[in-house]
Amino acid sequence: MTLEHHIEELRAELRNCWDLEERREIEAELEAAVAELNIWIDELTQDLRDQKPPF
């Protein structure tokens, strides 16, 4: 399962969750997954930001 897919599943679970304790657990897991995705994206795009134009 990709990280993006996992995030979408957590969002779906959150929409359908009525139990406060479970909701907090899902929110924490979702927050961690989004943070991980943002780090991954930042690492991938860092090389692009560091490159100089070829001209």
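Below is a short write-up of the structure. In this text the structure is predicted, and so the values were computed from the model without any measurement. (Residues numbered from 1 in each chain as written. Predicted model: local features only at pLDDT ≥ 70, side-chain atom pairs only at ≥ 80, totals over all residues. Heavy atoms only, no water.)

Attention now moves to the overall build of the chain. A count of helices and strands for the chain gives 2 helices and 0 strands. For 55 residues, the compact-globule estimate of 2.2 N^0.38 gives 10 Å, and the C-alpha radius of gyration of the chain, at 16 Å, exceeds that figure by more than 25%. For the chain, buried positions account for 15% of its 55 residues. By element, 55% of the accessible surface of the chain is carried by carbon and sulfur atoms, the whole surface being about 4800 Å². (Helix = DSSP H or I, 4+ residues; strand = E, 2+ residues; numbered from the N terminus. Rg over C-alpha atoms; globule rule 2.2 N^0.38 Å. Buried < 20%, exposed > 50% of the residue type's maximum accessible area, 1.4 Å probe, protein only. Areas by Shrake-Rupley, 256 points an atom, 1.4 Å probe, with all protein chains shown as cover.)

To continue, consider a negative patch on the surface. Negative charge collects at one region of the surface, where Glu 9, Glu 13, Asp 19, Glu 21, Glu 22, Glu 25 and Glu 29 lie side by side. Breaking the negative patch down by element, the ones donating at least two residues are helix H1 (3-15) and helix H2 (20-50). Per-element accounting of the negative patch gives the leading share, 4 residues, to H2. (Patch = residues over 30% accessible without salt bridge, like charges linked within 9 Å, V, L, I, M, F, W, Y side chains within 5 Å. Salt bridge = Lys/Arg side-chain N within 4 Å of Asp/Glu carboxyl O. Lys, Arg positive; Asp, Glu negative; His and termini not counted. Charge placed at Lys NZ, Arg CZ, Asp CG, Glu CD.)

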